Amino acid sequence: MVTKDAGNKWRGDARYNFSSGCLSPSEPAPGCLESDNVQKGIDAGDLPAGFIGNPTQTTYDFNVAGGGAVMKDRLWVNGSYRYWVVNKLFNGKNADGTQALDDNTLKNYSGKAVYAGSSNQKVSFSYNWNNKIRGHRRDTPPDIVPDIASLVQTNPASSTQAKYTSIWKTKLVFESSFSVMDGITEYSYQPGTPATAIRKVDNTLSTADFAATRHEKQPNSRLQFDNILSYNLAGIGDHLVKGGVQYGRLKYESQYDVLNEYYLVYNNGRATSVQQFNTPTDSLNEDHILGFFAQDSWTVGRKLTLNLGMRFDHNTGILPQQAADARTFVGAQTFPESTPVSQNIAVWRTGASYDPFGDGQTAFKASYSRYGLQVGIDRVTQVNPLSATSQT
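Residues numbered from 1 in each chain as written. Predicted model: local features only at pLDDT ≥ 70, side-chain atom pairs only at ≥ 80, totals over all residues. Heavy atoms only, no water.

So, about the overall build of the protein chain. Across its full length, the protein chain carries two helices and 21 strands. The globule rule puts the C-alpha radius of gyration for 392 residues at 21 Å, and the 28 Å found for the protein chain is more than 25% above it. Each of the three principal axes of the protein chain carries a C-alpha extent, and together these read 80 × 60 × 50 Å. The proportion of buried residues among the 392 residues of the protein chain is 35%. In the protein chain, 65% of the contacts between residues at least 6 apart in sequence involve partners at least 24 apart. Accessible surface computed for the protein chain: about 22300 Å², of which carbon and sulfur atoms make up 55%. (Helix = DSSP H or I, 4+ residues; strand = E, 2+ residues; numbered from the N terminus. Rg over C-alpha atoms; globule rule 2.2 N^0.38 Å. Buried < 20%, exposed > 50% of the residue type's maximum accessible area, 1.4 Å probe, protein only. Contact = heavy atoms within 4.5 Å. Areas by Shrake-Rupley, 256 points an atom, 1.4 Å probe, with all protein chains shown as cover.)

Residue placement: Asp 61 occurs in strand S2 (residues 56-71). Polar contacts involving the side chain of Asp 61 include one to the side chain of Arg 82, which spans 2.8 Å. Apart from the residues lying within four places of it in its own chain, the contact partners of Asp 61 are Arg 15, Tyr 16, Asn 17, Arg 82, Tyr 83 and Trp 84. (Polar contact = N/O pair within 3.5 Å; in protein donor to acceptor, adjacent residues only side chain to side chain.)

A few words on a nonpolar patch on the surface. On the surface, Tyr 16, Phe 18, Phe 62, Val 64, Tyr 81 and Tyr 109 cluster together into a nonpolar patch covering about 580 Å² of accessible area. Going through the elements one at a time, strand S1 (11-19) and S2 are the ones with two or more residues in the nonpolar patch. Topologically, Tyr 16 is positioned in strand S1. (Patch = residues over 30% accessible without salt bridge, like charges linked within 9 Å, V, L, I, M, F, W, Y side chains within 5 Å. Salt bridge = Lys/Arg side-chain N within 4 Å of Asp/Glu carboxyl O.)

Another aspect to go through is unusual backbone geometry. Of note, the amide linkage connecting Thr 140 to Pro 141 takes the cis form, showing an omega dihedral of -10°. As for its placement among the helices and strands, Pro 141 is situated in the loop between strand S5 (121-137) and strand S6 (151-154). Although it is not a glycine, Phe 210 adopts a positive phi angle of roughly 80°. Among the structural elements, Phe 210 can be located in the loop between strand S10 (207-209) and strand S11 (215-235). Residue Asn 260 is not a glycine yet carries a positive backbone phi of 65°. Along the chain, Asn 260 turns up in the loop between strand S12 (237-257) and strand S13 (262-267). Take Asn 260: its relative accessible area is 34%, and that puts it in the partly exposed class.

Read from one edge to the other, the open sheet built from five strands follows the order S10-S9-S13-S14-S21, with strand pairing classed as mixed. What marks the edges here is a single partner per strand, and that holds for S10 and strand S21 (390-391). The pairing of strand S14 (residues 270-277) with S21 spans two bridges and is antiparallel. Following the sheet pairing, Phe 277 is matched in S21 by Ser 390. (Pairing = 2+ DSSP bridges.)

With that out of the way, let us pick up the pairing of S14. Note: S13 against S14, six bridges, orientation antiparallel. Along S14, the bridge assignment pairs Asn 267 with Arg 270. The hairpin formed by S13 and S14 contains two residues between the paired strands, and Asn 268 there has a positive phi angle of roughly 55°.

In total, this model carries nine aromatic pairs according to the counting rule given. Taking the centre distance of 6.2 Å and the plane angle of 65° together, the rings of Phe 178 and Phe 225 count as edge-to-face. With Phe 178 in strand S8 (residues 172-188) and Phe 225 in strand S11, this residue pair connects regions lying 47 residues apart in the sequence. Judged by its relative accessible area of 38%, Phe 178 is partly exposed. The class of Phe 225 is partly exposed, set by a relative accessible area of 36%. What links up through ring pairs into an aromatic cluster is the set Tyr 16, Tyr 60 and Tyr 83. The ring of Tyr 187 carries the charged tip of Arg 214 above its face, separated from the ring centre by 4.4 Å. (Phe/Tyr/Trp six-rings, centres within 6.5 Å; stacked < 30°, edge-to-face > 60°. Lys NZ or Arg CZ within 6 Å of the ring centre and 35° of its normal.)

Here we take up the side chain of Ser 188. On the secondary structure map, Ser 188 appears in strand S8. Not counting residues up to four positions away in its chain, the partners in contact with Ser 188 are Ser 150, Leu 151, Val 152, Arg 214 and His 215.

To continue, consider the pattern of salt bridges. Counted by the stated rule, this structure contains eight salt bridges. The salt bridge involving Glu 216 is made with Arg 214; its shortest N-O contact spans 2.8 Å. A salt bridge links Asp 313 to Arg 311, with the shortest nitrogen-to-oxygen separation between them at 2.7 Å. Under the relative-accessibility criterion, Asp 313 is labelled buried at 8%.

What follows concerns the confidence of the model for the protein chain. Per-residue confidence for the protein chain gives a mean pLDDT of 90; residues scoring 70 or more make up 92%. Element-level pLDDT for the protein chain is lowest in helix H1 (residues 39-43), with a mean of 73, against a maximum mean of 98 in S6. Confidence drops under a pLDDT of 50 for residues 23-31, and excluding neighbours within four residues, the segment shows eight contacts in the predicted structure. (pLDDT = per-residue confidence, 0-100.)

A separate point is the pairing of S11. By the bridge criterion, 16 bridges tie S8 to S11 in an arrangement that is antiparallel. Its bridge partner lying in S11, Ser 177 is registered against Asp 226. In this structure, S11 lies alongside S12, joined through 19 bridges in antiparallel fashion. Bridged to Phe 225 within S12 is Tyr 247. Counting the residues that bridge the hairpin from S11 to S12 gives one residue.

Take a look at the structure:
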């Protein structure tokens, strides 16, 4: 039987948590957050001198969720919302030696609807949206980075899925699902960064100033379509046979731009070189995966069970046609569509479990299988000629 999701009775809850961190770092009040109390550890020699930890300034978390039946025993819905803020001090430092801020905001909402046309059929639809915002991202080294040289990071992304499940005559189960994940990771300059700003980096002093590393957008998506059939078969022993076909399409894009196309590089306060970038660039990458599989769990009498399976995958990595206009340090470029990855993988699995006494207390097991590493879209991005690069 296809079970229902949620229940017929409407239920919900809401929660809110708040903490302002410690009133006094040297003598924290009860209930302070982790890493606030470090001074006693330093005094006792348990922590190194100068250890600063990552004390939390403020955190609060609001959650609300609920669900129930729109049609009793037929249609159920549920949803949730969350807003979570964590502001803490980072182990990197500002120019004046004080700890740098790492402020994080998480926003999320989701919903799901399930409809049971009968006791043997179910259709569900779900949607989830999430965004994590970092107001001042610092990737160390360099260790001393003022706010103006830190990144603003956002990660809005959504996932949507529709799924159908059906049982025929108690022996045959069919499942089909279609899902889409779509999002954009973006790294940007701090508000107020002048258009004429050039990032200054001193590798010896481990400092950076004037501007963040880049402005980059990374649109990415995955489309997935799965169809699986399971069947219980009785004959010479009992069989649980399962087979299916799966298709996936992945896309990844990197729109990369360095302000004024170069960094100023210093060594202990002295200018030594210029780091030139080929930006702005816009690299396009795509990957298609088609897989087939079949497996059988075969119970022979009460003592022997065989597990047999095989899978075949075809992976095609594509670089679509793409181009870039002339930039300060690089001329115009055009690249035709190409297929740098074309991979076929066939694997199998065999296993046996033998219970010599048939009482479920003792078992001898053996297996022989072949495994394969399926490459992903990262193999395509690694050879994309329009990826952002630099030279000194």
